[in-house]
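If you want the building blocks of each chain, they are given just below.
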Amino acid sequence: MILMTGTAIILSLLAYFIPKQLTRSEMYTTSLFAVVLNLVTDIFLDLKWNLYGYFDKGVDWENLIAILGIYPAVNIIFLNFFPVAKSLTKKTCYIFGWSIFGVVYEWIALQTEFFYHNNWSLLYSAVIYPILYLFLYFNWKIVREFFT
């Protein structure tokens, strides 16, 4: 619980105080997308197939702190510093850097029992994280193209 609460506070403060490259509407809509993407993913992988979860099996209030306190902040920080005008190589390295961060954080979360695995492994996460970060990026491009 300490890891999750501390992470939510630190990332939220960081997301709030960093110099913004995103508009308010971009932060709002992309953060909503990040939360919905997480919820849909968790509905199937956690609740339906019981591959992993937070704290204990099933739904509990602590999940909301993780979902609402961590995912929007990560989304804002990730997109805010995304190297839009840089080469494909730099974009790829950026996404893989964040993916490595995600896997390391997940490993720490496993050690502190904030997160658990059942028939899931860090290898699966290492494959999925770049795809999830690409979804965040492409959603932002759509938001930027159509709504700003």
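The preceding data block contains the structure.
Below: a short report on this structure. Here the residue numbers are simple positions, counted from 1 along each chain's written sequence. A pLDDT threshold of at least 70 governs which residues receive local features in this predicted model, and a stricter bar of 80 or more applies before side-chain atom pairs are shown or counted, although totals over entire chains, interfaces and linings include all residues. Derived side-chain values reflect all non-hydrogen atoms in the structure, with water molecules and hydrogen atoms excluded from consideration.

## Concerning the overall build of the protein chain
Applied cut-off: Note on conventions: DSSP H or I runs of at least 4 residues are helices, E runs of at least 2 residues are strands, and numbering of each starts at the N terminus. We call two residues contacting when some pair of their heavy atoms lies within 4.5 Å. For this count, His and the chain ends are skipped, Lys and Arg are scored as positive, and Asp and Glu as negative. Throughout, a charge is located at the NZ atom of Lys, the CZ atom of Arg, the CG atom of Asp or the CD atom of Glu.
Helix and strand counts for the protein chain come out as five helices and two strands. For the protein chain, the succession of helices and strands along the chain, N to C, is α-α-β-α-α-β-α. Seen through its C-alpha atoms, the protein chain measures out along the principal axes to roughly 40 × 30 × 25 Å. Restricting to contacts in the protein chain with at least 6 residues of sequence separation, those with at least 24 account for 72%. Within the protein chain, one finds 9 positive and 9 negative side-chain charges whose respective centroids are separated by 17 Å.

## Comments concerning the side chain of N63
Selection criterion: A 1.4 Å probe rolled over the protein chains alone gives each residue an accessible area, and that area as a share of the maximum for its type sets the label: buried under 20%, exposed over 50%, partly exposed in between.
Note on placement: N63 falls in helix α3 (residues 61-80). According to the relative accessible area criterion, N63 is buried, its value standing at 8%. Ignoring sequence-local partners within four residues, the contact set of N63 consists of Y54, F55 and G58.

## Observations concerning the pattern of salt bridges
Stated precisely, the cut-off is as follows: A pairing counts as a salt bridge when a side-chain nitrogen of Lys or Arg comes within 4 Å of a carboxyl oxygen of Asp or Glu.
As enumerated under the stated definition, the model contains one salt bridge in all. Here R144 ties to E26 by a salt bridge, and the two come within 2.7 Å at their closest N and O atoms. Pair noted here: R144 is in helix α5 (residues 122-147) and E26 is in helix α2 (residues 24-48), with a separation of 118 residues, a long-range link. Among the residues examined, E26 registers a relative accessible area of 1% and is labelled buried.

## Observations concerning the nonpolar core
Here is the rule: To form a nonpolar core, buried Ala, Val, Leu, Ile, Met, Phe, Trp, Tyr and Cys residues must be joined to one another through side-chain atoms within 4.5 Å.
One finds I70, F78, F82, W98, F114 and Y133 to be the most contacted residues of the largest nonpolar core, which totals 36 residues. Where this core is concerned, the elements lending two or more residues are α1 (2-17), α2, β1 (52-54), α3, α4 (88-111) and α5. With eight residues, α3 is the single largest residue contributor to this core. Aside from chain neighbours lying at most four places away, what touches W98 is V74, I77, F78 and Y133.

## A word on a nonpolar patch on the surface
Worth spelling out the cut-off: Any residue with relative accessible area above 30% and no salt bridge may belong to a patch, with like charges joined within 9 Å and the nonpolar Val, Leu, Ile, Met, Phe, Trp and Tyr side chains within 5 Å. For the accessible areas, the method is Shrake-Rupley and the probe is 1.4 Å, while residue cover comes only from the protein chains on display.
A contiguous nonpolar surface patch, about 680 Å² in accessible area, is contributed by V36, V40, I43, F44, L47, W49 and V59. With respect to the helices and strands, F44 occurs in helix α2. Overall, F44 belongs to the partly exposed group, its relative accessible area being 40%.

## Regarding the packing of aromatic side chains
Test applied: The criterion for an aromatic pair is that two Phe, Tyr or Trp rings (for Trp, the six-membered ring) have centres within 6.5 Å, with stacked assigned to planes under 30 degrees apart, edge-to-face to planes over 60 apart and tilted to the rest. In this scheme, the term charge over a ring applies when either NZ of a lysine or CZ of an arginine sits within 6 Å of the ring centre and within 35 degrees of the ring normal.
One pass over the full model with this rule turns up 21 aromatic pairs. Where Y52 meets F115, the ring centres are 5.2 Å apart and the plane angle is 35°; that geometry is what we call tilted. Taken as a pair, Y52 in strand β1 and F115 in strand β2 (residues 115-117) lie far apart in primary sequence, 63 residues in all. Both rings, one in Y52 and one in W120, keep their centres 5.5 Å apart while their planes meet at 70°; by these two values the pair is edge-to-face. In this pair, Y52 sits in strand β1 while W120 sits in the loop between β2 and α5, placing the two residues 68 residues apart along the sequence. One residue, K20, lies across the ring of Y16, its end atom 5.9 Å from the ring centre.

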